[in-house]
4 protein chains.
Amino acid sequence: MLVAKHTHYYLYNILPESATLYFVRFFKEYHFENMEINSVKRGFASDNNAGVHPDVLKEILAVNKGHTIGYGSDIYTDQAKTLFREYLGESAEIFFVFNGTAANVLGLSGVMRPWNSVITASSSHIEQDECGAPEKFTGCKVLTVDTSNGKITIDLLEKHMHGFDFEHHSQPKVISITQASEMGTVYTVKEIQKISEFAHDYNMLLHMDGARLANASVALNLPFKTFTTDAGVDVLSFGGTKNGMMLGEAVCFLKPGLSENFKYIRKQGMQLASKMRFISAQYIAYFKNDLWKKCASHSNSMATALNDKIKNIKGLKVTQPVQSNGIFVIIPRIVAEKVMSEYFFYPWNERTSEYRLMTSWDTTEEDINGFVELLKKELKNTQ
Amino acid sequence: MLVAKHTHYYLYNILPESATLYFVRFFKEYHFENMEINSVKRGFASDNNAGVHPDVLKEILAVNKGHTIGYGSDIYTDQAKTLFREYLGESAEIFFVFNGTAANVLGLSGVMRPWNSVITASSSHIEQDECGAPEKFTGCKVLTVDTSNGKITIDLLEKHMHGFDFEHHSQPKVISITQASEMGTVYTVKEIQKISEFAHDYNMLLHMDGARLANASVALNLPFKTFTTDAGVDVLSFGGTKNGMMLGEAVCFLKPGLSENFKYIRKQGMQLASKMRFISAQYIAYFKNDLWKKCASHSNSMATALNDKIKNIKGLKVTQPVQSNGIFVIIPRIVAEKVMSEYFFYPWNERTSEYRLMTSWDTTEEDINGFVELLKKELKNTQ
Amino acid sequence: MLVAKHTHYYLYNILPESATLYFVRFFKEYHFENMEINSVKRGFASDNNAGVHPDVLKEILAVNKGHTIGYGSDIYTDQAKTLFREYLGESAEIFFVFNGTAANVLGLSGVMRPWNSVITASSSHIEQDECGAPEKFTGCKVLTVDTSNGKITIDLLEKHMHGFDFEHHSQPKVISITQASEMGTVYTVKEIQKISEFAHDYNMLLHMDGARLANASVALNLPFKTFTTDAGVDVLSFGGTKNGMMLGEAVCFLKPGLSENFKYIRKQGMQLASKMRFISAQYIAYFKNDLWKKCASHSNSMATALNDKIKNIKGLKVTQPVQSNGIFVIIPRIVAEKVMSEYFFYPWNERTSEYRLMTSWDTTEEDINGFVELLKKELKNTQ
Amino acid sequence: MLVAKHTHYYLYNILPESATLYFVRFFKEYHFENMEINSVKRGFASDNNAGVHPDVLKEILAVNKGHTIGYGSDIYTDQAKTLFREYLGESAEIFFVFNGTAANVLGLSGVMRPWNSVITASSSHIEQDECGAPEKFTGCKVLTVDTSNGKITIDLLEKHMHGFDFEHHSQPKVISITQASEMGTVYTVKEIQKISEFAHDYNMLLHMDGARLANASVALNLPFKTFTTDAGVDVLSFGGTKNGMMLGEAVCFLKPGLSENFKYIRKQGMQLASKMRFISAQYIAYFKNDLWKKCASHSNSMATALNDKIKNIKGLKVTQPVQSNGIFVIIPRIVAEKVMSEYFFYPWNERTSEYRLMTSWDTTEEDINGFVELLKKELKNTQ
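Fair warning: this is a prediction, and the values are worked out from it, not measured in the lab.

Calculation rules
Counting from 1, residues in each chain are numbered in the order their sequence is written. Naming scheme: in the order in which they are written, chains are lettered from A and ligands are numbered from 1. Restriction of local features to residues with pLDDT of at least 70 applies here, the model being predicted, together with a cutoff of 80 or more for giving and counting side-chain atom pairs; totals for whole chains, interfaces and linings are based on all residues. Note that the side-chain values use all heavy atoms of the structure and ignore hydrogens as well as water. Whether two residues are in contact is decided by their heavy atoms: any pair within 4.5 Å suffices. Here the quantity called buried area is the accessible surface, traced with a 1.4 Å probe, that two parts lose on coming together, added over both. Put simply, a salt bridge is a Lys or Arg side-chain nitrogen that is within 4 Å of an Asp or Glu carboxyl oxygen. By the criterion applied in these results, polar contacts are pairs of N or O atoms within 3.5 Å in which, for protein atoms, one can donate a hydrogen and the other can accept it, and in which residues neighboring in sequence qualify only through two side-chain atoms. Per the convention used, a helix needs a DSSP run of H or I reaching at least four residues, while a strand needs a run of E reaching at least two, with both numbered from the N terminus. Under the scheme applied, nonpolar residues are Ala, Val, Leu, Ile, Met, Phe, Trp, Tyr, Cys and Pro; charged residues are Asp, Glu, Lys and Arg; polar residues are all the others, including Gly. In this analysis the probe radius is 1.4 Å and the grid spacing 1 Å, with only protein atoms considered; a cavity is a set of points the probe fits into but cannot get out of, a pocket is an open set with protein on both sides within 12 Å along at least five of seven lines, and lining residues have an atom within 4 Å of a point. Grid points are joined across faces, edges and corners, and a volume is the space filled by probe spheres set on the points. Here, strands pair whenever DSSP counts at least two bridges between them. Lines fitted to C-alpha atoms define the axes here, with helix axes fitted over just the stretch in contact, and angles between the N-to-C directions of these axes take values from 0 to 180 degrees. Domain start and end points were adopted from an automatic or database domain assignment. Only residues with pLDDT of at least 70 in both copies contribute their C-alpha atoms to the least-squares superposition of the copies. Whether a residue is buried, partly exposed or exposed follows from its accessible area with a 1.4 Å probe, protein chains only, as a fraction of its type maximum: under 20%, in between, or over 50%, in that order. Whether two aromatic rings pair depends on their centres lying within 6.5 Å, for rings of Phe, Tyr and Trp, where Trp uses its six-membered ring; planes under 30 degrees apart make the pair stacked, over 60 edge-to-face, and the rest tilted. Geometrically, a lysine NZ or arginine CZ counts as sitting over a ring once it is within 6 Å of the ring centre and also within 35 degrees of the ring normal. You can read pLDDT as the predictor saying how much it trusts each residue, on a scale of 0 to 100. Expected span of a helix, by definition, is 1.5 Å for each gap between consecutive residues, and there is one gap fewer than residues. Within this analysis, the arc is defined by the directions that extend from the helix axis to the C-beta atoms.

**Side note on the interface of chain D and chain C**
Taken together, the contacts link 65 residues of chain D with 65 residues of chain C. The contact between chain D and chain C buries some 5800 Å² in all, and 60% of this surface belongs to carbon and sulfur atoms. It is His67, Met270 and Lys275 of chain D in chain D that bury the most area against chain C; as a group they hold 16% of the surface buried on that side. Run the count over chain D and chain C and you get zero salt bridges. Joining chain D to chain C, the criterion identifies 38 residue pairs in polar contact (both at pLDDT 80 or more). Counting only elements with at least two residues in the side of chain D that touches chain C, the list comes to helix 2 (16-36), helix 3 (54-63), helix 4 (75-88), helix 5 (100-111), helix 7 (133-138), helix 12 (262-268) and helix 13 (277-287) of chain D. Broken down by element, the side of chain D that touches chain C gets its largest block of residues, five residues, from helix 2 of chain D. Split by residue class, the side of chain D that touches chain C holds 29 nonpolar, 22 polar and 14 charged.

**Remarks on empty space enclosed by the protein**
By volume, the largest cavity amounts to about 770 Å³. Taken together, 46 residues form the lining of the largest cavity, with Lys136 of chain A, Lys136 of chain B, Lys136 of chain C together with Lys136 and Phe137 of chain D sitting closest to its centre. Mapped by element, the contributors of at least two residues to the lining of the largest cavity are helix 7 (133-138) and helix 12 (262-268) of chain A, helix 7 (133-138) and helix 12 (262-268) of chain B, helix 7 (133-138) and helix 12 (262-268) of chain C together with helix 7 and helix 12 of chain D. Of the residues in the lining of the largest cavity, the class split is 20 nonpolar, 16 polar and 10 charged.

**A look at the side chain of Lys141 of chain D**
The topology assignment puts Lys141 of chain D in strand 3 (residues 141-145). Filtering out sequence-adjacent residues up to four positions away, Lys141 of chain D remains in contact with Ile126, Glu127, Gly132, Glu135 and Val142 of chain A together with Asn116, Ser117, Val118 and Ser170 of chain D.

**A short note on the sheet that holds strand 7 (residues 249-253) of chain A**
Residue and element names in this part refer to chain A. An order of 1-7-6-5-4-2-3 is seen for the seven strands of this open sheet, with the pairing classed as mixed. What marks the edges here is a single partner per strand, and that holds for strand 1 (93-97) and strand 3 (141-145). Averaged over all neighbouring strand pairs, the angle between strand axes comes to 25°, with direction disregarded. Sheet analysis places strand 2 (residues 116-121) next to strand 3, joined by five bridges and oriented parallel. Paired with Val118 across the bridge in strand 3 is Val142. Packing of helix 9 (residues 189-201) onto the sheet brings it into contact with strand 4 (171-178) and strand 5 (205-210), and relative to strand 5 it is tilted by some 140°.

**Looking at the domain arrangement of chain A**
All names here are of chain A. Under the domain assignment, chain A is made up of domain 1 (2-52 + 292-382) and domain 2 (54-289). Each side of the interface is counted separately: domain 1 has 24 residues, and domain 2 has 30 residues. Contact between domain 1 and domain 2 buries roughly 2200 Å² in total, counting both sides, with carbon and sulfur atoms accounting for 53%. Joining domain 1 to domain 2, the criterion identifies one salt bridge. Residue Arg212 pairs with Asp47 through a salt bridge whose shortest N-O separation is 2.7 Å. The interface formed by domain 1 and domain 2 includes 10 residue pairs in polar contact (both at pLDDT 80 or more).

**Topic: the relation of the copies chain C and chain A**
Least-squares fitting of chain C to chain A yields an RMSD of 0.0 Å, with the superposition described by an axial translation of 0.0 Å and a rotation of 180°. The relationship between the two copies is best expressed as a two-fold rotation axis. Taking C-alpha positions as the reference, the residue of chain C nearest the rotation axis is Arg113 of chain C, at 4.7 Å. Taken together, the interface assignments show that 100% of the residues at the interface of chain C recur at the interface of chain A, consistent with an identical surface on both copies.

**Looking at the pairing of strand 7 (residues 249-253) of chain D**
All names here are of chain D. Judged by how many residues are buried, strand 7 sits mostly within the fold: five of five residues are covered. What you see with strand 7 is no split at all: Glu249, Val251 and Phe253 on one side and Ala250 and Cys252 on the other are buried throughout. Pairing geometry for strand 1 (residues 93-97) and strand 7, over five bridges, is antiparallel. Opposite Phe96, over in strand 7, you have Ala250 as the bridge partner.

**Digging into the packing of aromatic side chains**
For the coordinates displayed, the defined rule picks out 122 aromatic pairs over all chains. Where Phe224 of chain D meets Phe238 of chain D, the ring centres are 5.1 Å apart and the plane angle is 70°; that geometry is what we call edge-to-face. Residue Phe224 of chain D is found in helix 11 (residues 224-227), and its partner Phe238 of chain D is found in strand 6 (residues 235-238); the two are separated by 14 residues along the sequence. Here Phe224 of chain D and Phe238 of chain D have matching classes, each one buried. Members of the aromatic cluster, connected to one another through ring pairs, are Phe84, Tyr87, Phe96, Phe224, Phe227, Phe238, Tyr283, Tyr286, Phe287 and Trp292 of chain A. The ring of Tyr187 of chain C has Lys151 of chain C sitting right over it, with the charged end atom 5.7 Å from the ring centre.

**What about the confidence of the model for chain A?**
Residue and element names in this part refer to chain A. Residue-level pLDDT values for chain A average 90, and 89% of them are 70 or greater. Across residues 1-39 the pLDDT falls below 50, and counting only partners more than four positions away or on other chains, this stretch makes 102 contacts in the model. Among the scores for the predicted complex, ipTM is 0.92 and pTM is 0.93.

**Concerning the environment of Ser117 of chain B**
Note that Ser117 of chain B resides in strand 2 (residues 116-121). Setting aside anything within four residues of it in sequence, one finds Ser117 of chain B in contact with Met112, Lys141, Leu143, Ser170, Gln171, Pro172, Lys173 and Val174 of chain B.

**Here's the deal with the relation of the copies chain D and chain C**
Aligned on chain C, chain D shows an RMSD of 0.0 Å; the corresponding rotation is 180° and the shift along the axis is 0.0 Å. Of all interface residues in chain D, 100% are interface residues in chain C too; the two copies therefore contact each other through one and the same surface.

**A closer look at the side chain of Thr77 of chain C**
Residue placement: Thr77 of chain C occurs in helix 4 (residues 75-88). Ignoring sequence-local partners within four residues, the contact set of Thr77 of chain C consists of Gly72, Phe96, Met276, Arg277 and Ser280 of chain C.

**Remarks on helix 14 (residues 291-310) of chain D**
Residues and elements named next belong to chain D. For helix 14, which comprises 20 residues, the first-to-last C-alpha distance of 29 Å matches the rise-based estimate of 28 Å (1.5 Å per residue) to within 8%. Listed in full, the buried residues belonging to helix 14 are Leu291, Trp292, Cys295, Ala296, Ser299, Asn300, Met302, Ala303, Leu306, Asn307 and Ile310. Take helix 14 and look down its axis: the buried residues cluster within an arc of 155°, on one side only.

**So, the sheet that holds strand 9 (residues 326-330) of chain B**
Residue and element names in this part refer to chain B. Taken in spatial order, the four strands of this open sheet run 8-9-11-10, and their pairing is antiparallel. Each of the sheet's edge strands pairs with one partner strand only, and the pair in question is strand 8 (317-318) and strand 10 (346-349). Relative to strand 11 (residues 354-358), strand 9 runs antiparallel, the two sharing five bridges. Counterpart to Ile327 in the pairing with strand 11 is Leu357.

**As for the environment of Leu222 of chain A**
Considering the arrangement of structural elements, one finds Leu222 of chain A in the loop between helix 10 (213-220) and helix 11 (224-227). Expressed as a C-alpha distance, the spacing of Leu222 of chain A and Thr188 of chain A, which sit 34 residues apart in the sequence, is 10.0 Å.

**Some remarks on the interface of chain C and chain A**
Taken together, the contact pairs 19 residues of chain C with 19 residues of chain A. Taken together, both faces of the contact between chain C and chain A bury some 1900 Å²; the carbon and sulfur share is 53%. Between Arg266 of chain C and Glu167 of chain A there is a salt bridge, with its nearest N and O atoms 4.0 Å apart. The tally of links from chain C across to chain A stands at 10 residue pairs in polar contact (both at pLDDT 80 or more). Of the residues forming the side of chain C that touches chain A, the biggest block, six residues, is contributed by helix 12 of chain C. Each residue belonging to the side of chain C that touches chain A can be placed in one class, and the counts come to eight nonpolar, five polar and six charged.

Spelled out as structure tokens, the structure:
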């Protein structure tokens, strides 16, 4: 039995023998030690390893007074939804859920029936990272297309465009794209328009996983509406957790008539918060004073800065254009593992020794400088 | 078409014509007005209409430093789980989810297969208030028994004890009880033991919905373990939201071997929090300095105080023993509606003019006195 | 562990110790022996223990020529559907599936969404005998009402008529009745009309499980349409297997617009037959020369004859009016078990020593006479 | 809206404008006409367009006597299962279901939990032709690999071998292959062994869709057991409908311990036949006198004969090795459509003008000669 040998952890292609290593050596021990000296170090593992922006916490404190009706019938939730509509258009219907997986799965469930299929990139979150939640909850089929950079193009979709009206075949109903993509790349408005037109021509809908929508907005230097509602997106998962919030994502139906039964879907989907004002408060903070933009601008610029410092280092190879807050880079394994013990980050593909570096709203120049220095040092040591 | 006429809202038996009334008249308008003068009034609608206890918020702030691995691999989550085991026993396996519906549904899913059934009181949350989430996610059948006080007894269960090993029939697998019950009543240890023995005799398991477990503990004056693990409970939904937390409930498997696949069930159930430390922090606060006990003692004693003041008032009739933080009372409808506009609460059964009053961790004596005074005044006015 | 002791088999209340007995003693051994002497004896266990009427087999042979397009695009299926519409009305949309469970579950699935509930008698097939298939496939909640005779009345339904438009509560959408009922009783046209009006008033639909629809038609002496389409039934499971067919039931949508997506539901529900002509042929035979009526008349009259011979026997008590082809009768257990070894039938409720006797299209007067004689003899022996 | 324009029917790549054409022009009209003159013509559309072998019908008639216990507790079902075990090994556990989709979906459901994934060829039946039934019923993810000839190889599987034990990722559990494949190709024993070893190394299982298993056995000239049980297959869908039966497929668990809960899965999956003896009888006939081999040998040899006659015709191109009873051939479209009106068959890929020709147990030399002559004539006409 090769199971133990083949037990991989994360992300895409981690060779078996190294999996336990990462988790046991770097995290458990490391963190407990650091706890004692009360200084948890920042790394580049994921933007959800960062904490909550103080302005978000302040707003949570601010709404914590008196009684409000539970389950979203409160003034803060009304206020948050109003803010959303200012950004996404008057027709937008907004529903808060707890996390990104739920936003994607329930949003899709709102516009699909079990005999439908959704087409997505094989690297997408709904295909790779939701443990089959889309299939389990919607009953639908998830079809994939292979992309080099996480972005779908129309020509890739053609192979799934058949079997319409034929009861033996899952009926294609939704195309789902991720903005910014899991590879850190960003769709242009034109690219999105093309896909939405393609979808609508087939009587299909366009779904956007916007777990990092703010990073995309900053990268494009365009307001949300321009590359969502106005570009033909029908259903949007609007995320905030990866950009300074604590938790709580929004399912946004951007066209009228799509959200008819959604209140039941959310409740049956176990995603209706009783004290919802504490999610709504976070979005109030997020939109107030453009907090979302400050956070995303910062993390994007930190990624650019980091990329600038490493892209020309001999022995490294940045594999994707750095457009938002993720950098994909090939690093000699022995080097990567040494650096990791100080600044944690994840391997992306161990077969090619490719690693993922994510910056976040709280990444500092010191983080970057310290990381790059150490990286250079270890590279030198191994030559 | 009588649909509009028959459109009820809440809770059990609200006559159609009054439904819109409550929501439109009392909430929307009322709250917005109050918002302006910045003093939202407390009522007796639900313990989840209260806010978050300051100690819980403090702990959230305390863990908001540096980076931690997401999805529960952090020191705060470890710490919170350790605390749980101190209360529930060393074998307890703890998993945080977002809300009570998820705790119930996923906990059941962990020990049932789709061809099983769970037996519960017809007044239980999983039967009445989860929009079919148990059936949708587990695929299982929910069987009910009618109780007068929300508490199941063995004799009621017998009618479902048949069809074992017979493939045509959903196989009974779990008995689910609520502690404290939806009617505010509390099971004694002996009552729980009897049910768990009955369940185990049939090779079934005992599930406890503990959305108000702290209130039960205070009512019984017994530690959690005595009436859960030690009384034979197998799976427990441990709630905190209704007792001063912001959100986040715990699925607790109290016997070894029950949680084997649960990590997948939670993720596929869309209930794995990325920044989990902010749920864990709340439980750290909850257990620190016995915060859970302080909050529950307070709300229970407020219910007792309220009951003491109204139980002998002519024209009212308290219908259930007041054992935790809920009071069920028949009030003349015209009186109830007048009082409601100042201190909101929900009708429970409009046919019998029965109302539910819930106290919470932040209920004050002023709330009670003001409410009772107004109630008396309105009763007098209508005589 | 009392599991073994409590392992019941069938039907409602069989005491544990006798379960193995029935199956091992009577069937396995008995049948194999009889096989050798090539004369399998008839009993009163179930109308599906009978074989296939010769006219049905003849039609199967008749359509077995040449090639036809699979999956229902053949002339025999067209012909069968046309016959159905003659009986049920021009608007009826007909879809064949394999068995009665599928007809019920898929028919309900066609008109419900997962957050809906269906209300049915607690003795109904969808509640007791489908192993949770309705919940698993539709995701819906099944609510029950207790009846003494298997027939629902409006007053019983009231308790479930609440929570409309309230997202916490499964939305009641369908009332499901069984005609003839599992207790052998038959709804009158007026009774059905009352329920359908009640359902439609609440914007709900009426589903009829017609596994024994022909027996009901004969009992009422009315054409199918009068007590289905014309009485307000919306969705009908039309059965034939229990009345002389081999297999294959029909989901009938009796109002326009209800079957829109059903072709996908049937295929995804694994119920689309490739060589469908062999199901269609059976229905062609069933309707030709009123075969359905001949078979059902025969089995109903055999039940009447049997009832006439036993209803006044001292020591027995017939517990339900005998309106179709089932008789429910209390027999001393020791007597029943002796008779059973010659003429097999099932206990219905061992606690009350109640047994179910089903006649079928092939029951003979000899069967009845032999059975009654033996019954009388054994009764005498035990006095 | 291009929907109408893009409405494809079948099979893989039918251009939109021709879809309606096939169904309306060739089938509906054609068949009705022919019906009148009572001579339905055979074609090469699908092996399930053929009827039932007379020996199968004879056995159905033979078991139609007296009463037997329903739902499989009858002697014929025992007898059929015993025959199965002679072919597949003593450990094989056999369960009859109604059709091939159910055999695949329920068989997979028996060995998977919702958080698992199954890996299959993108051309497989479970991916293309079951309307999402696997996802809907199992809750699992279906992962695909692209193959040129319908056969999976190990190197293709590697890309899905990651994420084990990682809760974010659907856990790979089953590899599913089709024997003979949807492209008419046949796996050798060695090829199957390699895949089963690969699967078992990862603690996964091997599922085989054997809708055309008999054709594969004949093609390999090997008994079933050699390339199923003995080659490491764990779960098998054993089909008969495409090879002369009427309906009824078998889910076969080839290793002990895999079928523990399957009786509930089958019932809840709506696939438990009440008069099961009429499915069992078909398998008794199928195995008696090697009927399965006679039928499959015939249809395979008819495919060889047809291939021999067309493979060297100028203007045609056979695209797959002809190993069982399917031929894939590129034919000029104008020619194909003319021939089709006499001998119906389906386009496989309209973009490449590729067509699928299936022979069946009742294909005659006259069919082949007539078809080839017409094909040649039409080819000549278009030159």
